[in-house]
Amino acid sequence: MKLFLMLIVCTITTNGYTMKNSLPILNNYSKNIQDSYTKRIDSLGNDYKPRTEHLNKDGSAIYVNDLIFEESPYLLQHAHNPVNWHAWSPKAFELAKKDSKPIFLSIGYATCHWCHVMEHESFENIEIAQFINEHFIAIKVDRERRTAIDAYYMTGVQMMSGHGGWPMSNFLTPDGKPFFGGTYYNPKQFMTLLSRVVEVWKTQEPELRKQAIQMDAAIKKHLSKSEQAKEVNQAVFDKANDHLLSMHDEMQGGFSSAPKFPQEPWLLYLLSQNNSKLRTPLIFTLNEMQQGGIYDQVGGGFHRYAVDNEWLVPHFEKMLYNQSQLSEVYSQAAVEFNNAEYQRTAIAILDYVLREMTSNQGVFYSAGDADSEGEEGLFFTWTVDELKAILNAEDFTWLQNIYHFSKQGNFEHRNIFNLSEPLTQTADKLKLPYSRLVEKLDTINQKLYQRRKKRIHPLIDDKIITSWNAQMIYSLANASYLFNKSEYLDGATRAMDYILENHKNKQGFLVRNSLNNKASTIHAELEDYAWSVTALIKLYDVTSNQLWLEKAGKLIQQTEHLYLDQANGGFFDNIPEDNIPNTSRIKKSEDGATVSANGQMLIALARYYRRTGDLHIDELFTQTLAAFSGKIVNNPISHTSMLHAKDIYDNGEKSNTVYTGNGKVKLSTQRKDDKITIDFQINKGWHINSNLTAIESLIPLSISSKDKIAFEYPDEKTTQLDFIQEDLSTFEGDFTITAKTSNETPYPITLNITLQTCSNKICLAPSHLEIKVYGKN
């Protein structure tokens with residue numbers, strides 16, 4: 001890899017290169033091309049403003065390139081750079097081959113701070129743009145639309161440089177193989193690097209191509225490596241649990257040092273485990289996060305990560321996938337731990353998304369930027385003088401005791417609001433009921449929110465990504481059930497209907513995203529299908545509408561057709577792209593900022609099997625888990641979503657709704673004042689043995705808990721089976737079992753239920769279930 005090093009350490013100037021006028025000036029194109037560009041710009045509407053410093057006197061852009069045709073805010077941001085950008089397409093690679101030019105590939109996303117910086121410093125720079133246009137074919141990729149491409153080239157950058165990030169800067173051969181890569185470069189570094197690449201390409205092209213082939217092979221080996229199948233047993237779960245405990249920051253919460261990310265896949269896994277050792281670090285982390293500046297105390301929602309150990313100073317962008325995952329985490333934690341503050345946080349996240357991240361069509365935008373008015377965090381922070389101008393003296397002093405703001409500030413002479421303790425403790429100190437404290441805080445926050453609305457807002461990346469929307473749909477539907485909020489179910493249903501109707505291509509397969517109600521031509525990825533199936537199953541759970549489950553089944557069939565690795569098991573993350581060289585099909589298993597696509601697919605399959613008893617799904621789940629079992633056993637901490645999936649498959653979900661009997665029986669619990677109810681729904685033609693069943697070969701219904709609750713059963717029915725002579729005592733159809741509890745009973749309550757599901761011809765194996773009864777917050 002000598003040339004990689006040479007590209008870094010050798011410096012030459014651009015002297016000696018002829019700088020031609022190769023800029024994409026709109027008025028220099030032929031009339032047909034001018035017309036097509038102008039028509040596209042007009043179609044973007046009156047609100048469309050070219051994001052460039054290079055403008056004509058009438059405010060129109062001097063430059064325009066092919067990115068203007070893309071359904072991506074990030075690519076449209078670069079559509080008026082003097083760099084002659086191409087989208088990822090056969091056309092771009094054909095040009096590179098025809099002209100025998102190296103490719104400069106830049107990958108980023110719309111709310112990326114350093115992407116903005118490099119655009120302003122380098123891609124808007126005329127001299128740099130001319131040099132790129134003369135010597136390279138320049139390609140721009142939105143990583144959120146093409147995650148498999150991003151993963152492939154990011155792996156290469158990490159191999160070459162030892163680190164990664166965005167913007168990602170890659171240099172490729174005309175057939176798409178990388179020979180050098182990095183991240184952000186300032187203009188001087190970047191121009192030097194460009195010049196050096198051109199020099200080496202001119203003098204040592206065969207060697208560069210040879211090294212690119214070697215790098216391509218190394219990347220593909222890393223991304224496709226498999227390990228021998230192993231048994232995923234309890235010891236693997238214990239290993240993951242012990243590893244998480246060892247990583248926990250006992251001082252500030254979380255599972256790493258700064259920068260601190262929420263690590264939602266780990267939080268979701270911890271919530272799924274019935275393990276008392278894991279409860280303390282989970283609760284401590286959730287408390288620290290919701291008290292910190294990473295949480296928007298005024299408007300709700302979480303920023304992407306914190307740059308410090310205390311969760312105080314965030315990187316201020318807000319990603320939809322953080323909101324969907326963390327609203328699920330806090331919703332579930334609210335009922336698991338009977339915690340009113342977690343419920344308040346979950347509801348604030350969801351209300352923020354519905355209020356600020358939702359389109360007129362009811363689907364959800366991708367992200368909000370960190371910057372406004374050229375400054376990071378300006379929109380979200382406050383000075384003391386600003387607060388005094390909004391609040392009366394009493395409210396100002398009261399709020400200062402809550403959020404601890406000061407004249408000096410805690411972030412660039414401004415204040416990031418944060419809490420020093422849970423609000424329940426603050427309420428105790430102030431001798432206020434918690435509900436009264438929250439009511440007053442919410443009233444003051446609303447005043448601040450209304451004033452903040454008048455500020456210049458950060459940019460919103462308004463593309464609609466299928467998988468991120470499906471995550472949000474799942475979380476809204478889940479919260480609607482847990483908190484009895486019908487508006488959340490309405491929002492989830494509307495968004496799901498839109499995705500299923502509008503995010504499809506002519507063949508009826510899902511696409512990755514849309515923008516301005518126009519669906520992209522980019523194929524969906526595995527995560528789009530995995531999360532859509534998951535969301536549809538949750539809508540079925542909440543509504544009992546069989547149509548949602550049928551739609552989930554159809555999407556599973558499409559997933560098999562498009563992504564299943566028939567030879568080795570598991571699913572590819574993407575489908576092959578025709579006419580584009582070096583399109584790598586990757587098959588990742590490790591969780592990252594979100595649950596891995598294969599991990600989520602396993603969760604979806606486990607849930608679908610639990611509700612249907614479909615033997616083909618059973619086989620598909622088993623084969624997929626086996627394909628990744630070696631990786632899971634060797635590195636369980638990176639595969640917690642797959643461990644969660646296996647737990648669901650083996651034991652069902654630890655929730656207040658469970659399925660058994662191959663999906664023929666649904667149980668759900670509720671608390672109503674001093675009474676708890678267990679509602680049974682049994683499919684027609686099936687029944688369960690009653691609690692009075694006395695035939696030795698059959699298992700009667702039994703319900704128990706450590707709280708020693710006495711249950712009242714409905715009247716049983718008498719049934720005869722083809723294979724048993726005696727009359728049987730059974731329950732069938734829809735019925736309810738009730739029990740009274742005292743005010744001192746701690747929630748949630750765990751019920752242990754044993755039952756046997758039978759038809760007139762067969763009895764299934766007995767089921768041993770665990771179901772929760774959640775309290776009111």
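Owing to the predicted nature of the structure, the values given are computational and were not obtained by experimental measurement. (Residues numbered from 1 in each chain as written. Predicted model: local features only at pLDDT ≥ 70, side-chain atom pairs only at ≥ 80, totals over all residues. Heavy atoms only, no water.)

1. Overview of the nonpolar core
The nonpolar side chains of soluble globular proteins are, as a tendency, buried together. Counting residues in hydrophobic clusters, the biggest one holds 110 residues, and the most contacted among them are Tyr330 and Met496. Apart from residues lying up to four places away in sequence, Met496 is in contact with Ile473, Ala535, Leu536, Leu539 and Trp548. In this structure, Tyr48, Leu76, Phe136 and Trp201 belong to the second largest nonpolar core, which totals 46 residues. (Core = buried A, V, L, I, M, F, W, Y, C linked by side-chain atoms within 4.5 Å. Buried < 20%, exposed > 50% of the residue type's maximum accessible area, 1.4 Å probe, protein only. Contact = heavy atoms within 4.5 Å.)

2. What to know about the packing of aromatic side chains
Taken as a whole, this structure holds 37 aromatic pairs when the rule is applied. Ring centres of Phe171 and Phe180 lie 6.4 Å apart, and the angle between their planes is 35 degrees; on these two criteria the pair is classed as tilted. A relative accessible area of 0% means that Phe171 is categorised as buried. Considering the side-chain rings of Trp382 and Phe417, the 6.1 Å spacing of their centres and the 10 degrees angle between planes classify their relative orientation as stacked. Here the residue Trp382 occupies a position in the loop between strand S11 (375–376) and helix H14 (384–390), and Phe417 occupies one in the loop between helix H15 (393–403) and helix H16 (423–429), the gap between them amounting to 35 residues. Put simply, the rings of Trp85, Phe104, Phe123, Phe136, Phe171, Phe180, Tyr185 and Phe190 touch in pairs and so form one group of aromatic residues. (Phe/Tyr/Trp six-rings, centres within 6.5 Å; stacked < 30°, edge-to-face > 60°. Helix = DSSP H or I, 4+ residues; strand = E, 2+ residues; numbered from the N terminus.)

3. Side note on the environment of Pro265
Within the secondary structure, Pro265 is located in helix H10 (residues 264–272). Since its relative accessible area comes to 5%, Pro265 is described here as buried. With 60 residues separating them along the chain, Pro265 and Gln325 place their C-alpha atoms 8.3 Å apart. Sequence-distant contacts of Pro265, that is, excluding residues within four places in its chain, are made with Gln325, Asp591, Gly592, Ala593, Thr594, Val595 and Thr640.

4. Some remarks on the packing of helix H21 (residues 546–563) against helix H22 (residues 597–612)
The N-to-C vectors of H21 and H22 enclose an angle of 135 degrees; their axes lie 11 Å apart at closest approach. Viewed along their axes, H21 and H22 adopt a mutual orientation that is oblique. Seen along the crossing, H21 lies across H22 with a hand that is left-handed. Along its contact with H21, which presents Leu549, Ala552, Gly553, Ile556 and Thr559, the element H22 presents Met601, Leu605, Tyr608, Arg611 and Thr612. Split by residue class, the contact of H21 with H22 holds six nonpolar, three polar and one charged. (Axes fitted to C-alpha atoms, helices over the stretch in contact; angles between N-to-C directions. Parallel < 35°, antiparallel > 145°, perpendicular 65-115°, else oblique. Left-handed = near helix turned anticlockwise from the far one by under 90°. Nonpolar A, V, L, I, M, F, W, Y, C, P; charged D, E, K, R; others polar.)

5. Digging into the state of the cysteines
Within this structure, the stated rule accounts for two disulfides. Linked covalently through their sulfurs, Cys112 and Cys115 form a disulfide whose S-S length is 2.3 Å. What sets the handedness of the Cys112 and Cys115 disulfide is the S-S torsion sign, and at about 80 degrees it is right-handed. Here Cys758 pairs with Cys763 through a disulfide, and the sulfurs are 2.1 Å apart. Taking the torsion about the sulfur-sulfur bond, which here is approximately 105 degrees, the covalent link between Cys758 and Cys763 counts as right-handed. With a relative accessible area of 0%, Cys758 lands in the buried category. Numbered by position along the chain, the disulfide-linked cysteines of the protein connect as 1-2, 3-4. (Disulfide = S-S within 2.5 Å.)

6. Notes on the side chain of His248
Tracing the backbone through its elements, the reader meets His248 in the loop between helix H9 (234–247) and H10. For His248, the contacting residues outside a window of four places in its chain are Gly253, Gly254, Phe255, Pro281, Phe284 and Thr285.

7. Observations regarding the confidence of the model for the protein
Considering every residue of the protein, the mean pLDDT works out to 92; 96% of them sit at 70 or more. Within the model, pLDDT remains below 50 along residues 1–20, and this stretch shows 48 contacts once partners closer than five positions in the same chain are excluded. (pLDDT = per-residue confidence, 0-100.)

8. Structural notes on the sheet that holds strand S19 (residues 686–689)
Pairing is antiparallel in the open sheet, where four strands are placed in the order S22-S23-S19-S26. Unpaired on one side and paired on the other, strand S22 (717–721) and strand S26 (757–759) mark the two borders of the sheet. With strand direction ignored, the average angle separating the axes of adjacent strands in the sheet is 60 degrees. (Pairing = 2+ DSSP bridges.)

9. Some points on H21
Over its 18 residues, H21 runs 26 Å from end to end, which matches the ideal 26 Å to within 8%, given 1.5 Å per residue. Of all the positions in H21, only Trp548, Leu549, Ala552, Gly553, Leu555, Ile556, Gln558, Thr559, Glu560, Leu562 and Tyr563 are classed as buried. If you follow the buried residues of H21, they end up packed against helix H19 (486–502), helix H20 (526–543), H22 and helix H23 (615–634). Two to three positions downstream of the cap, the backbone nitrogen of Leu547 sits 2.9 Å from a side-chain oxygen, assigning the N-cap of H21 to Asn545. (Expected span 1.5 Å × (residues − 1). Polar contact = N/O pair within 3.5 Å; in protein donor to acceptor, adjacent residues only side chain to side chain.)

10. Digging into the packing of H10 against helix H24 (residues 640–651)
Remark: H10 packs on H24, axes separated minimally by 9 Å, with the N-to-C direction vectors making an angle of 25 degrees. It follows that H10 is roughly parallel to H24 by the angle criterion. Seen along the crossing, H10 lies across H24 with a hand that is left-handed. In this structure, H10 contributes Pro265, Trp266, Tyr269 and Ser272 to the contact, and H24 contributes Thr640, Leu643, His644 and Asp647.

11. Quick look at the pattern of salt bridges
Opposite charge on two side chains permits pairing when their charged atoms draw close. Per the counting criterion, the structure on display carries 36 salt bridges. Between Lys177 and Asp175 there is a salt bridge, with the nearest N and O atoms lying 3.3 Å from each other. A salt bridge links Glu527 to Arg512; its shortest N-O distance comes to 2.8 Å. Taken together, the positions of Glu527 in helix H20 and Arg512 in the loop between H19 and strand S14 (513–515) put the pair 15 residues apart, joining distant regions of the chain. Residue classification places Arg512 among the buried positions, given a relative accessible area of 0%. (Salt bridge = Lys/Arg side-chain N within 4 Å of Asp/Glu carboxyl O.)

12. Quick notes on the side chain of Asn598
For Asn598, the location among the structural elements is in helix H22. Within polar-contact distance, the side chain of Asn598 engages the backbone oxygen of Lys588 at 3.2 Å. For Asn598, the residues in contact, after removing those within four places along its chain, are Leu526, Gly570, Phe571, Asp573, Lys587, Lys588, Thr624, Phe628 and Met642.

13. A few points about the sheet that holds strand S25 (residues 749–755)
With respect to topology, three strands assemble into an open sheet ordered S20-S25-S27, the strand pairing being antiparallel. Each edge of the sheet is formed by a strand with only one pairing partner; in this case those strands are strand S20 (702–704) and strand S27 (767–773). Averaged over neighbouring strand pairs, the angle between their axes works out to 20 degrees when direction is ignored. Pairing of S20 with S25, which is carried by three bridges, proceeds in the antiparallel orientation. Counterpart to Ile703 in the pairing with S25 is Ile753.

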